[in-house]
Amino acid sequence: MIDIAIRPTPEQLQAWIEAYVPEKDLFFLRAEDISFLQNELTGTLVFPRNEFFSHSSYSEIQMVNSYTYWMIKKDAAFVIVAPSNWITALNEEKKEYLLKRQVELGRGMTGPLSLFSRFGNFPQEYIIEVDGEQHIVMQRALWESLPNEVKEEMLCTIAQQYDAWDAKPIPSTLPAHLAPYANTFATKSGANCLAATLFAISTEPQLEEWIIQEWVHDQTFEEKLRLASYVKTEDSFIGGDVVAWANDSGVIQHAAYCIEGDLFFNKSGQIFTNPWKIVDWAELKQSWEQFTPQVYRKI
């Protein structure tokens with residue numbers, strides 16, 4: 001079956017532009033960095049790592065996704081939270097030092113300049129060289145200075161690093177309540193694979209449509225499957241089944257809904273750039289090969 005191209009709508013792209021770079025800037029530091037920057041920290045808050053990651057104000061899903069918390073290196077010991085104009089007042093030496101550290105520690109909204117250079121020239125102060133490669137480090141002040149068309153093209157480029165913009169054609173057997181979502185994009189972060197799968201098996205979609213926008217965790221997912229009378233089976237999957245992928249500890253990492261044959265309704269992450277789309281078994285098998293697939297069927 002030939003893949004088809006998919007693309008977010010102009011309205012979805014505008015929502016992405018507004019949400020992508022949070023209003024507050026975050027800067028991750030190693031322990032030894034504090035002394036170098038201590039005279040510049042007026043107007044900021046400096047959090048120890050553990051307190052920051054457990055702080056309710058900074059666990060909002062869009063901030064988590066934009067700054068890719070899960071990618072931050074273990075030796076990041078502190079986090080600066082600053083208004084967007086703070087970095088613009090730093091002298092050149094300290095700004096370069098700070099931005100270079102963001103690339104080294106794996107903070108989100110950084111990337112090779114070669115990926116974005118076709119969109120025009122970026123201010124040199126936000127271009128950092130690490131290990132012989134130039135990187136652009138995005139901050140709120142820089143983002144606000146860019147033309148809207150540049151923001152749009154940048155986000156389209158970034159999005160396709162996470163998930164290809166192609167899908168299988170929508171089959172005629174797709175449940176009607178999934179039709180508004182199949183091969184489309186979200187406007188905000190949070191909606192994940194487990195939520196998409198739970199909505200797919202809903203018998204009362206008008207009451208449960210809100211669930212597809214949720215970030216569902218594994219235990220909630222399994223309880224909802226139980227309540228919907230889905231149980232594990234050793235049989236091969238068929239239309240209407242749920243396939244979930246579990247790690248060695250039995251914790252579910254991903255799930256998708258089988259529409260018919262080898263076609264599935266799937267979402268590969270909780271970022272707004274991850275579309276709900278129709279994929280085949282071969283793609284799912286390759287993407288989640290490090291985990292064990294389990295089939296759930298309604299009894």
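This text follows the structure it describes.
**Q** Break down the overall build of the protein chain for me, citing the residues and quoting the values.
**A** Each helix and strand in the protein chain was counted, giving twelve helices and 14 strands. For 299 residues, the compact-globule estimate of 2.2 N^0.38 gives 19 Å, and the protein chain sits close to it at 21 Å. For the protein chain, the spread of C-alpha atoms along the principal axes amounts to about 65 × 40 × 35 Å. Within the span of the protein chain, comprising 299 residues, buried residues form 52% of the whole. Counting only contacts in the protein chain whose residues sit at least 6 apart along the sequence, the fraction spanning at least 24 positions is 71%. Surface accessibility of the protein chain: about 14600 Å² in total, with carbon and sulfur atoms responsible for 49%.

**Q** Give a description of the sheet that holds strand β2 (residues 25-29) that names residues and reports values.
**A** Taken in spatial order, the three strands make up an open sheet running β2-β4-β3, and their pairing is antiparallel. Of all the strands in the sheet, the pair left with one neighbour each is β2 and β3 (45-48). Within this sheet the neighbouring strands show an average axis-to-axis angle of 25 degrees, counted without direction. Two elements, β3 and strand β4 (residues 78-82), share four bridges in a ladder whose sense is antiparallel. Opposite Leu-45, over in β4, you have Val-81 as the bridge partner.

**Q** How would you explain the nonpolar core if you had to name every residue and give the values?
**A** Residues Leu-26, Phe-28, Phe-52, Tyr-69, Trp-86, Trp-143 and Met-154 are the most contacted members of the largest nonpolar core, which totals 58 residues. Looking at this core element by element, the count peaks at six residues for helix α8 (residues 148-162). Once residues lying within four places of it in the same chain are set aside, the contact partners of Trp-86 are Phe-27, Glu-40, Leu-41, Thr-42, Thr-44, Ile-80 and Leu-98. Counting residues in each nonpolar core, the second largest holds 31 residues, with Ala-191, Phe-199, Phe-221 and Tyr-230 among its members.

**Q** Outline the pairing of β4, listing residues and values.
**A** Most of β4 is tucked away, with four of its five residues classed as buried. As judged from the five bridges shared by β2 and β4, these two strands associate in the antiparallel manner. Within β4, the residue paired with Leu-26 across the bridge is Val-81.

**Q** Give me the lowdown on the pattern of salt bridges, citing residues and values where you can.
**A** Applying the stated criterion across every chain, the model contains 15 salt bridges. Where Lys-168 meets Asp-3, a salt bridge forms, and the shortest distance between an N and an O atom there is 2.7 Å. On the criterion of sequence distance, the pair formed by Lys-168 in the loop between β8 (166-167) and α9 (193-200) and Asp-3 in the segment before β1 (4-5) is long-range, its members being 165 residues apart. Overall, the relative accessible area of 10% leaves Lys-168 in the buried class. Between Asp-235 and Arg-297 there is a salt bridge whose closest N-O contact spans 3.2 Å. On the criterion of sequence distance, the pair formed by Asp-235 in the loop between β9 (230-233) and β10 (242-246) and Arg-297 in strand β14 (residues 292-298) is long-range, its members being 62 residues apart. With a relative accessible area of 45%, Asp-235 lands in the partly exposed category.

About the cut-offs
- Residues numbered from 1 in each chain as written.
- Predicted model: local features only at pLDDT ≥ 70, side-chain atom pairs only at ≥ 80, totals over all residues.
- Heavy atoms only, no water.
- Helix = DSSP H or I, 4+ residues; strand = E, 2+ residues; numbered from the N terminus.
- Rg over C-alpha atoms; globule rule 2.2 N^0.38 Å.
- Buried < 20%, exposed > 50% of the residue type's maximum accessible area, 1.4 Å probe, protein only.
- Contact = heavy atoms within 4.5 Å.
- Areas by Shrake-Rupley, 256 points an atom, 1.4 Å probe, with all protein chains shown as cover.
- Pairing = 2+ DSSP bridges.
- Axes fitted to C-alpha atoms, helices over the stretch in contact; angles between N-to-C directions.
- Core = buried A, V, L, I, M, F, W, Y, C linked by side-chain atoms within 4.5 Å.
- Salt bridge = Lys/Arg side-chain N within 4 Å of Asp/Glu carboxyl O.

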